[in-house]
Amino acid sequence: MAALGFTAATPVLGLSTAYAAEAVRPEIGGPLQAAQKMMQAGRAKDALNELRKLDGKNPTGNEQYLIERVRAAAASTAGDYDTAARSFEKLIDSGKLSAGERASFSEGLIGIYMRAKEFGKANAAIQRSLKERDDPKLRAYLIQNHMAMNNTAEATRLLEADLRAAEKAGRTPPEEALQMMANLQIKNPDKSGYVATIEKLAAHYPKSSYWADLLNRITSKPGFADRLKVDVARLQLANNLLKKPNDYMELAQLVLRDGAAAESVKIVDKGYKAGILGVGADAPRHQRLKDLADKTLADFNKNLATTEASLQKVADNDGLVNLGYAMVQAGQADKGLALMEKSIAAGNLKRPDDAKLRLGQAYAAAGQKAKAISTLKSVGGKDGTAELARYWIMAINHPMA
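Residues numbered from 1 in each chain as written. Predicted model: local features only at pLDDT ≥ 70, side-chain atom pairs only at ≥ 80, totals over all residues. Heavy atoms only, no water.

**Student:** Just checking my understanding: could you explain the packing of aromatic side chains for this structure?
**Tutor:** Here the structure, examined in full by the defined rule, presents two aromatic pairs. Between the aromatic rings of Phe88 and Phe105, the centroid separation amounts to 5.3 Å while the plane-to-plane angle is 55°, which identifies the pairing as tilted. Taken together, the positions of Phe88 in helix α5 (residues 81-93) and Phe105 in helix α6 (residues 99-115) put the pair 17 residues apart, joining distant regions of the chain. With respect to burial, Phe88 and Phe105 carry one shared label: buried. (Phe/Tyr/Trp six-rings, centres within 6.5 Å; stacked < 30°, edge-to-face > 60°. Helix = DSSP H or I, 4+ residues; strand = E, 2+ residues; numbered from the N terminus. Buried < 20%, exposed > 50% of the residue type's maximum accessible area, 1.4 Å probe, protein only.)

**Student:** Would you mind going over the side chain of Ser106 with me for this structure?
**Tutor:** Mapping Ser106 onto the fold places it in helix α6. Among the residues examined, Ser106 registers a relative accessible area of 8% and is labelled buried. Leaving out residues up to four positions away in the same chain, Ser106 has contacts with Ile92 and Ser129. (Contact = heavy atoms within 4.5 Å.)

**Student:** Please explain unusual backbone geometry as it appears in this structure.
**Tutor:** Phi is mostly negative for residues that are not glycine, and the peptide bonds are mostly trans. With an omega of -15°, the peptide bond between Asn188 and Pro189 qualifies as cis. Mapped onto the fold, Pro189 is located in the loop between α10 (175-187) and α11 (191-204). Unlike most non-glycine residues, Asn58 shows phi in positive territory, near 50°. Not every positive phi belongs to a glycine, and Asn150 is a case in point at roughly 65°.

Printed below as a string of structure tokens:
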């Protein structure tokens, strides 16, 4: 979470209030004005020394108020947190602040305590302010304060309550709150909780860092099936995470192996357009793969009817699902999707969840978002298929820019 953004000098130096208009004795006004000019010149410590000349002058209530405003600004700027805190406390208790200023000064006092590592005083100040107004920012400060105290249990409890409240109200959980939760889960440690939080971050705030973390973790999860690495790579491609020539080359070769020649062509073309393929010492190798993908696609289109007939003859529904997916990628969405649906409905599949995962991906490729999501929601399995289906839904609903 970001540090407290309160700048004491902003509300403190403005003395053009009704109280500033009241009479100030020359022996008070002179040093006060001199201190203000020093502050404006960036000489905070000199301003503090100038204000000390007023000690023992028996200022009136209004004069003391004006002195404390300038002293609060000077002490905060100079890093004299003890002096700043005393001035802020006096100003808050003066009864001369407007409601808005009181809120600002209360927040500033919290920041001073936290910077001075006076965590107990900071907690008390936050609790006082929360009684006056229920401000999410104040609750965030309280959580930050507990984190600074290494009181992770209390910080986690407070944060979980805030996140539950946001979800119950139908609000998107704040990114900062989710980031703090992820940090706490790393400290605790809570691996499953951390992954769940990163999932929410990737879903609501799609960024390459969240997706990279998420996809790296799923492949190292116990029981994750190696055959699904191609689907992880597809998600990496969809989220702009493939950055190296070998990443594009490997994925293009894998989908070519699985019969999706048109998808392989698209992957290679994307690598060329991104300036990742077709350059450097391996450019000839990239070109050979491009030529192979193009030729394989041409052969696929030429032999499509014969291939389908052969698979239908032996009732190879797994092969028909793969063929239908390849047809969707090749621009024959209606025929390909119908073939996939019919083959999955017929059953007798080696891995039904794999087939439904592929169907969901095919719907997405065809631009049929609602059907893609509905199909992906039906995917089960404990070897990574269910997680990948969920991640595809996230990518569909919140695509990377």
